[in-house]
Amino acid sequence: MSLSSKIIEEDSRYLMQSFSRWYPLVIDHAKGSIVYDVEGREYIDMNAGIGVMALGHGNEKVINAVQEQMRKFFHYSLTDFYYDLAVRVARKLVSFFPFQGKVFYTNSGTESVEASLKIARGHTGRQYIIGFTNSFHGRTFGSMSFTSSKYVQRSIFSPLLPSTLLVPYPDRHNPLCQGDCSSAILGYIEDWVFKKIVDPNDVAAFLIEPIQGEGGVVVPPKQFLQGLEKISRDNEILLILDEVQTGIGRTGRMFAYEHFDVKPDLVCLAKALGGGLPLGAVVGRSEVMDLPRGSHANTFGGNALALAAAEVVLEEVPRILSGVERNGKLIFDNLASSNSLYLEEVRGRGLMIGADLRKDGKPFEEGLEKVLHKSFLRGVLAIGAGESTVRLLPPLIIEEELAQKGSSIIAQEISKL
Ligand SMILES: Cc1ncc(COP(=O)(O)O)c(C=O)c1O
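The structure reproduced in this document is the subject of the present report. (Residues numbered from 1 in each chain as written. Predicted model: local features only at pLDDT ≥ 70, side-chain atom pairs only at ≥ 80, totals over all residues. Heavy atoms only, no water.)

Details of the sheet that holds strand E6 (residues 164-167)
Hydrogen bonds between backbone groups are what pair the strands of a sheet, and the pairing can be parallel or antiparallel. In space, the 7 strands of this open sheet follow the order E4-E10-E9-E8-E7-E5-E6, with mixed pairing throughout. Of all the strands in the sheet, just strand E4 (101-106) and E6 have a single pairing partner and so form its edges. Mean inter-strand twist for the sheet, computed between neighbouring axes without regard to direction, equals 20°. Here 4 bridges tie strand E5 (residues 128-132) to E6, and the two strands are oriented parallel to one another. Paired with isoleucine 129 across the strands is threonine 164, a residue of E6. Those strands touched by helix H4 (residues 84-94) are E4, strand E9 (266-269) and strand E10 (280-285), and its axis lies near 125° from that of E4. (Pairing = 2+ DSSP bridges. Helix = DSSP H or I, 4+ residues; strand = E, 2+ residues; numbered from the N terminus. Axes fitted to C-alpha atoms, helices over the stretch in contact; angles between N-to-C directions. Contact = heavy atoms within 4.5 Å.)

Digging into the side chain of serine 182
By the secondary structure assignment, serine 182 is in helix H7 (residues 182-197). Each residue touching serine 182, except ones within four places of it in the same chain, is listed here: Pro170, Pro221, Gln223 and Phe224.

Structural notes on the packing of helix H11 (residues 365-377) against helix H12 (residues 400-415)
Direction vectors running N to C along H11 and H12 enclose 135°, while the axes themselves pass 9 Å from each other. Regarding the angle of H11 to H12, the classification is oblique. Remark: the crossing between H11 and H12 carries right-handed chirality. Together, Val371, Lys374 and Ser375 of H11 and Ile409, Ile410, Glu413 and Ile414 of H12 make up the contact between the two elements. Counted by class, the contact of H11 with H12 contains 4 nonpolar, 1 polar and 2 charged residues. (Parallel < 35°, antiparallel > 145°, perpendicular 65-115°, else oblique. Left-handed = near helix turned anticlockwise from the far one by under 90°. Nonpolar A, V, L, I, M, F, W, Y, C, P; charged D, E, K, R; others polar.)

What to know about the state of the cysteines
Following the criterion strictly, the structure yields 1 disulfide and no others. Between the sulfur atoms of cysteine 177 and its disulfide partner cysteine 181 the distance amounts to 1.9 Å. Of note, the bridge from cysteine 177 to cysteine 181 carries an S-S torsion of about 50° and is right-handed in sense. Residue classification places cysteine 177 among the buried residues on the basis of a relative accessible area of 6%. (Disulfide = S-S within 2.5 Å. Buried < 20%, exposed > 50% of the residue type's maximum accessible area, 1.4 Å probe, protein only.)

As for the packing of aromatic side chains
What the rule picks out here adds up to 14 aromatic pairs. When the ring of phenylalanine 96 is compared with that of phenylalanine 255, the centres are 6.4 Å apart and the planes differ by 70°; the resulting orientation is edge-to-face. Within this pair, whereas phenylalanine 96 is found in the loop between H4 and E4, its partner phenylalanine 255 is found in the loop between strand E8 (238-242) and E9, the two being separated by 159 residues in sequence. Here phenylalanine 96 falls in the partly exposed class, since its relative accessible area comes to 22%. Between tyrosine 169 and phenylalanine 224, the ring centres sit 6.5 Å apart and the planes meet at 55°, which makes this aromatic pair tilted. Highlighted residues: tyrosine 169 in the loop between E6 and H7 and phenylalanine 224 in helix H8 (residues 222-234), separated in sequence by 55 residues. For tyrosine 169, a relative accessible area of 1% translates into the label buried. A network of ring pairs unites the aromatic residues Phe96, Phe97, Phe99, Phe255 and Tyr257 as a single cluster. (Phe/Tyr/Trp six-rings, centres within 6.5 Å; stacked < 30°, edge-to-face > 60°.)

Some details on the pattern of salt bridges
Side-chain pairing between opposite charges can occur once the charged atoms of the two side chains come close. Following the criterion strictly, the structure yields 29 salt bridges and no others. Across the pair glutamate 316 and lysine 61 runs a salt bridge, and its minimum N-O distance is 3.1 Å. Of the two residues, glutamate 316 sits in helix H9 (residues 304-316) while lysine 61 sits in helix H3 (residues 60-72), which places them 255 residues apart along the sequence. Taking the relative accessible area as the measure of exposure, lysine 61 reaches 46% and is therefore partly exposed. Residue glutamate 315 pairs with arginine 319 through a salt bridge whose shortest N-O separation is 3.3 Å. Residue class for glutamate 315 comes out partly exposed when judged on its relative accessible area of 36%. Connected via shared salt-bridge partners are Arg172, Glu344, Glu345, Arg347, Asp356 and Arg358. (Salt bridge = Lys/Arg side-chain N within 4 Å of Asp/Glu carboxyl O.)

A look at the site of the ligand
Within the structure, the ligand sits among Ser108, Gly109, Thr110, Phe136, His137, Gly138, Glu209, Asp242, Val244, Gln245 and Lys271. Within the backbone of glycine 109, an N or O atom sits 2.8 Å from an oxygen atom of the ligand. One of the backbone N or O atoms of phenylalanine 136 is found 3.4 Å from a nitrogen atom in the ligand. Burial of the ligand by the protein amounts to 80% of the accessible area it has alone, namely 390 Å². When grouped by side-chain class, the residues that make up the shell around the ligand number 2 nonpolar, 6 polar and 3 charged. (Near = heavy atom within 4 Å. Polar contact = N/O pair within 3.5 Å; in protein donor to acceptor, adjacent residues only side chain to side chain. Areas by Shrake-Rupley, 256 points an atom, 1.4 Å probe, with all protein chains shown as cover.)

Structural notes on the sheet that holds strand E1 (residues 27-31)
Across the sheet, which stays open at both edges, the 4 strands sit in the order E1-E2-E3-E14 with mixed pairing between neighbours. Either end of the sheet is taken by a strand with one partner, and the two such strands are E1 and strand E14 (380-381). As defined by bridge partners, strand E3 (residues 42-45) adjoins E14 across 2 bridges and the pair is classed as parallel. The residue of E14 that forms the bridge with isoleucine 44 is valine 380.

In structure tokens:
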């Protein structure tokens, strides 16, 4: 039995199997944009640990910063005591936003979303929060109440959070949408939801991904997010953007909302922020971040090692955004050139790219599995999103040569379907 087979067998014996893996990759180590398995095989990384390793694996600056911090202290519960590193990273983080802001640190995406929901309700004194279909916000009860990219993620865990509503996201594959359905959905919110279901004065916030990730890399029309911002302003409803996946340079801008010229009130972050260490944050307008003392805190949020890594990430990522645009375009064009009946569309921004596979207009799940598996056997790692979208989220520092080679192999496998 190979070492990888043995580890996979033991994994199924000792770990709860509530998640599904795409292919049998057993990772040993990684450097830059290359991952090595326990048998010594090499792979081009188009996952980055699912949008986390923005600066690549084994980044020396991150290693040095974390090592230096290790010699000072690892952890000392920021919500009970003070340290300068937490202030420095928060100051740097808010400097990217178009408002006077404050930060609350968390350990993960879902915890950032939970915090944002509490802040929205706490600040406004209103109960309702409106999310969007086909979204992914996490797997704890609050965030799960707005997660609807697959029903298996929520169905057996009900009842979920009360006073929540889901309205359609403007995805052209939503059966209710014919082409751009932005104005239909905005009209539905104003003329139907606000008249029949809930008084807008009871709505604390809208929670939305500026580009849906897990739902299949769905980019909404600009006028949709702008219209939603207007409805928010008109009704004093907060606009919470979940940038857990899109944030920190992934789309070629520091934050995806910059593509849409909208201003959020609260932004949820995690994934890339900690450079591979668990770190999330909610960044919000200072006047909104006003929960009473003692009402919200955590033990590990703002862990010193994670913050040391984040300080490097926030310094480095703005410098590599032009490479994100350039390599994103290269990958996008390579995928779009696949000669396949089944390639419905290539979508995305920067290095967040999805190739949607459809057969007779319906999601082509077997096609997706085949492409991912065959690419894996040829040394390229990517996973799926939505029902049948090949999703590419490589490290933001990926070299042009690897971006070219990795995306060409995936494009070839799509063509072979
Ligand atoms: C947009 C978005 N929000 C929230 C989450 C949840 O993050 P985590 O898995 O760190 O809880 C994810 C994870 O993929 C995500 O993509």
